[in-house]
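Per-entry structural report
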Amino acid sequence: VSAHFPSSFDVASIIDAVRWTFATPGNLRYKVDEVPDLDWVTHVQESWLPIVTNSKFVLRFPWHSDDAVMKACQEFEKEKMQALLTEQFSSGIKRDGAVVDLFDSEDEEG
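If you're wondering where the values come from, they're calculated on a predicted model, not measured in any experiment.

What follows covers the overall build of the protein. If you tally the helices and strands in the protein, you get four helices and four strands. In the protein, the succession of helices and strands from N to C terminus is α-α-β-β-α-β-β-α. Relative to its full complement of 110 residues, the protein shows a buried share of 8%. Put simply, 8% of the contacts in the protein that link residues at least 6 apart link residues at least 24 apart.

Okay, structure coming up:
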């Protein structure tokens, strides 16, 4: 279990409250980690990209730019098309005696 509290909190009283709430006998083990000094709002906003759930619904937060939403929609459509092509042509497409790979090898790695 992880919990985040301001450094001004009394850790011992929190441990006592957890022990009492869950009727835990004995001492609880815990450790206190230093939290990096970051702009946490910006950090979270940068890590939450728009989410495309289907062709008609996009979860967009107020901080998402139109470009970020468009990129997410394009990536969703690309993945959908690749899945359909993979299903239809799982062994590739044979053309003039050669098998044509449907996907760019860089896309599969990244």
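With that out of the way, let us pick up the side chain of His64. Turning to its location among the elements, His64 is positioned in the loop between strand E2 (57-59) and helix H3 (66-88). Look at His64 and you get buried, because its relative accessible area is 6%. At 2.6 Å, the side chain of His64 and the backbone oxygen of Trp48 are in polar contact. Excluding its chain neighbours within four sequence positions, the residues that come into contact with His64 are Trp48, Leu49, Pro50, Leu59 and Val69.

Right, let's get into the pattern of salt bridges. Following the criterion strictly, the structure yields four salt bridges and no others. Asp16 is paired through a salt bridge with Arg19; the nearest N and O atoms lie 2.8 Å apart. One end of the pair is Asp16 and the other is Arg19, both in helix H1 (residues 11-21) and three residues apart, which spans about a single turn. We classify Arg19 as partly exposed; its relative accessible area is 22%. Of the charged contacts, one joins Asp33 and Lys31 as a salt bridge, the two residues approaching to 3.9 Å between their closest N and O atoms.

Further remarks concern the layout of surface pockets. When its volume is computed, the largest pocket comes out at roughly 900 Å³. What lines the largest pocket is a set of 20 residues, among which Ala3, His4, Phe5, Lys31 and Val32 lie closest to the centre. Of the residues contributing to the lining of the largest pocket, the split by class is 13 nonpolar, three polar and four charged.

Turning our attention to the environment of Lys80. Structurally, Lys80 is set in helix H3. A residue is classified by how much of its surface remains accessible, and Lys80, at 34% relative accessible area, is partly exposed.

Moving on, we come to the confidence of the model for the protein. Summing up the model confidence of the protein, the mean pLDDT is 82 and the portion of residues at 70 or higher is 81%. The least confident element of the protein, judged by mean pLDDT, is helix H4 (residues 105-109) at 52; the most confident is E2 at 91.

Time to look at the environment of Lys31. Within the secondary structure, Lys31 is located in the loop between H1 and helix H2 (40-47). Placed 29 residues apart in sequence, Lys31 and Ser2 show a C-alpha to C-alpha distance of 9.9 Å.

Basis of the calculations
Along each chain, residues carry numbers from 1 onward, in the same order as the chain's sequence is written. It should be noted that, the model being predicted, local features are given only for residues of pLDDT at least 70 and side-chain atom pairs only at 80 or more, the latter also being counted only at that level, while totals for whole chains, interfaces and linings use all residues. Side-chain numbers come from the whole structure's heavy atoms, not from hydrogens or water. Strands here mean DSSP runs of E at least two residues long; helices mean DSSP runs of H or I at least four residues long; both are numbered from the N terminus. We call a residue buried when its accessible area falls under 20% of the maximum for its residue type, exposed when it is over 50%, and partly exposed in between, using a 1.4 Å probe and counting protein chains only. Whether two residues touch is decided by their heavy atoms; if any such pair falls within 4.5 Å, the residues are in contact. In protein, a polar contact requires one atom able to donate a hydrogen and another able to accept it; more generally it is a pair of N or O atoms within 3.5 Å, and residues adjacent in sequence count only if both atoms are side-chain atoms. The term salt bridge refers to a side-chain nitrogen of Lys or Arg lying within 4 Å of a carboxyl oxygen of Asp or Glu. Definitions used throughout: a 1 Å grid over protein atoms alone; a cavity as a set of points that fits a 1.4 Å probe which cannot get out; a pocket as an open set with protein on both sides within 12 Å along at least five of seven lines; a lining residue as one with an atom within 4 Å of a point. Grid points are joined across faces, edges and corners, and a volume is the space filled by probe spheres set on the points. Just so you know the grouping, Ala, Val, Leu, Ile, Met, Phe, Trp, Tyr, Cys and Pro go in nonpolar, Asp, Glu, Lys and Arg go in charged, and all remaining residues, Gly too, go in polar. Here pLDDT means the predictor's own confidence in every residue, given as a number from 0 to 100.

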